[in-house]
Amino acid sequence: MLEAVIVDDEIKALQSLSWELTNLSDEVDIVASFTDAHEALDYLERNTPDCLFLDIEMPAMDGFQFIKNLKNKDFPVVITTAYNQYALQALKNEAIDYLLKPIDTDDLEITIAKIKRHNAKNLTVERLEKILLNFNAESHSKKITINTDGKLVFLNSDEILFAESDGNYSTIFLKDGQKILLTKKLKEVNALLPENSFFRIHNSYIINLNKIKEFLKTDGYVVLESNHKIPVSRQKKSDFLDML
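Small disclaimer: the values here were computed from a predicted structure and weren't measured. (Residues numbered from 1 in each chain as written. Predicted model: local features only at pLDDT ≥ 70, side-chain atom pairs only at ≥ 80, totals over all residues. Heavy atoms only, no water.)

**Regarding the sheet that holds strand β15 (residues 229-231)**
Consideration 1: Strand order in the open sheet formed by three strands is β13-β14-β15, and the pairing between neighbours is antiparallel. Each edge of the open sheet carries a strand with a single partner, namely β13 (212-216) and β15. Neighbour-to-neighbour, the strand axes of this sheet turn through a mean angle of 25°, independent of strand direction.
Consideration 2: Relative to strand β14 (residues 221-224), β13 runs antiparallel, the two being bridged by four bridges. Of the residues in β14, the one forming a bridge with Glu 214 is Val 223. (Pairing = 2+ DSSP bridges. Helix = DSSP H or I, 4+ residues; strand = E, 2+ residues; numbered from the N terminus. Axes fitted to C-alpha atoms, helices over the stretch in contact; angles between N-to-C directions.)

What follows is the structure, given as structure tokens:
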């Protein structure tokens, strides 16, 4: 689905383009539309659509000023205008295309095809990461997503033995012997792990409850299947026993 945003101060022009896009293809979704340029800028700071349809002739802030003020430019821009003289300037402002009002359906189809080709060639790392994270969040067999060393690592709960704190860093220990170093505090790591199978047993440790082999009550330690001995803090002991 191609997510589109429309910015046009004329409500009739905005509604007309929305109707054209919606009826052109079931692959186009108008996720937001604005007659106020400032509201649109605020929205685009927090959201990244697949394309933006932007009117040139707007009061207070024209389309070219709008583009200059855009902080997030990770999407193609299509200029919409009733004046053909703006075409060259639109291209110089890195717009992917321009459409003359009233917008012709055939021209719109060509523009949509351009956007799709552009996005297919320019799938940036940030957008790919967003897609992967959203896919994982919606997955029925949800995995734990770890962002480390310039890559995303997807882990099943069963792969993790425990996590250990080292100040502003943490290390995740896996059952195959691997270690994953994170530039996150243990509190942040704890937020990534499912509550029903992981427990922060100590200020410096989070353990996988399914990997416990023994609990040495007198010594105040748990022994994991990997034979790692993890201390149980006095403050956490009662809650830990409740979890078991």
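What follows picks up the thread again.
**Quick word on the environment of Asp 9**
Consideration 1: Tracing the chain through its elements places Asp 9 in the loop between β1 (2-7) and α1 (11-24).
Consideration 2: Residue Asp 9 is classed as partly exposed on the basis of its relative accessible area, which comes to 26%.
Consideration 3: The residues contacting Asp 9, other than those within four sequence positions of it, are Thr 35, Asp 55, Glu 57, Met 58 and Pro 59. (Buried < 20%, exposed > 50% of the residue type's maximum accessible area, 1.4 Å probe, protein only. Contact = heavy atoms within 4.5 Å.)

**A closer look at the pattern of salt bridges**
Side-chain pairs of opposite charge can arise whenever the charged atoms involved come near each other.
Consideration 1: Summed over the entire model, instances satisfying the criterion amount to seven salt bridges.
Consideration 2: Asp 55 serves as the salt-bridge partner of Lys 101, at 3.1 Å between the closest nitrogen and oxygen. Of this pair, Lys 101 sits in the loop between β5 (97-100) and α5 (105-121) while Asp 55 sits in strand β3 (residues 51-55), and the two are 46 residues apart along the sequence.
Consideration 3: You can call Lys 101 partly exposed: its relative accessible area is 23%. (Salt bridge = Lys/Arg side-chain N within 4 Å of Asp/Glu carboxyl O.)

**Brief notes about the UniProt feature "modified residue: 4-aspartylphosphate" (unreviewed entry) in the chain**
Consideration 1: Per the UniProt entry, the sites bearing "modified residue: 4-aspartylphosphate" (unreviewed entry) are Asp 55 in this numbering.
Consideration 2: Residue Asp 55 is classed as buried on the basis of its relative accessible area, which comes to 3%.
Consideration 3: Ignoring any residue separated from it by four or fewer positions in sequence, one finds Asp 55 in contact with Val 7, Asp 8, Asp 9, Gly 63, Thr 80 and Lys 101. (UniProt positions renumbered as here; feature names shortened; annotations may be inferred.)

**A short note on the packing of aromatic side chains**
Consideration 1: Scanning the entire structure with this criterion turns up three aromatic pairs.
Consideration 2: Here Phe 34 and Tyr 43 contribute two aromatic rings whose centre-to-centre distance is 5.4 Å and whose plane-to-plane angle is 50°, an arrangement assigned as tilted. Each of the two residues, Phe 34 as well as Tyr 43, counts as buried.
Consideration 3: Aromatic side chains Phe 162 and Phe 173 sit 4.3 Å apart centroid to centroid with 10° between the ring planes, which places their arrangement in the stacked category. Taken as a pair, Phe 162 in strand β8 (residues 160-166) and Phe 173 in strand β9 (residues 169-174) lie far apart in primary sequence, 11 residues in all. (Phe/Tyr/Trp six-rings, centres within 6.5 Å; stacked < 30°, edge-to-face > 60°.)

**Notes on the sheet that holds β8**
Picture the strands of a sheet paired through backbone hydrogen bonds; they go either parallel or antiparallel.
Consideration 1: Strand order in the open sheet formed by five strands is β10-β9-β8-β12-β11, with antiparallel pairing between adjacent strands. Two strands in the sheet have a free side with no partner beyond their single neighbour: β10 (179-182) and β11 (198-202). With direction set aside, neighbouring strand axes in the sheet form an average angle of 20°.
Consideration 2: Note: β11 against strand β12 (residues 205-208), four bridges, orientation antiparallel. What sits directly across from Phe 199, in β12, is Ile 207.

**Concerning the nonpolar core**
Consideration 1: Counting residues in hydrophobic clusters, the biggest one holds 23 residues, and the most contacted among them are Val 5, Val 7, Leu 44, Leu 52, Leu 54 and Phe 66.
Consideration 2: Counting only elements with at least two residues in this core, the list comes to β1, β2 (28-34), α2 (37-46), β3, α3 (63-69) and β4 (77-81).
Consideration 3: Of the residues forming this core, the biggest block, five residues, is contributed by α2.
Consideration 4: Setting aside chain neighbours within four positions, we find Val 5 in contact with Val 31, Ala 32, Phe 34, Tyr 43, Leu 44, Pro 49, Cys 51, Leu 52 and Phe 53.
Consideration 5: With 16 residues, the next largest nonpolar core counts Leu 2, Leu 14, Phe 53 and Ile 96 among its residues. (Core = buried A, V, L, I, M, F, W, Y, C linked by side-chain atoms within 4.5 Å.)

**Quick look at the pairing of β12**
Consideration 1: Here β12 shows two buried faces, one formed by Tyr 205 and Ile 207 and the other by Ile 206 and Asn 208.
Consideration 2: Bridge count for β8 against β12 is three bridges, and the pairing is antiparallel. Pairing of Glu 164 across the sheet is with Tyr 205, part of β12.
Consideration 3: Two successive antiparallel strands, β11 and β12, enclose a turn made up of two residues.

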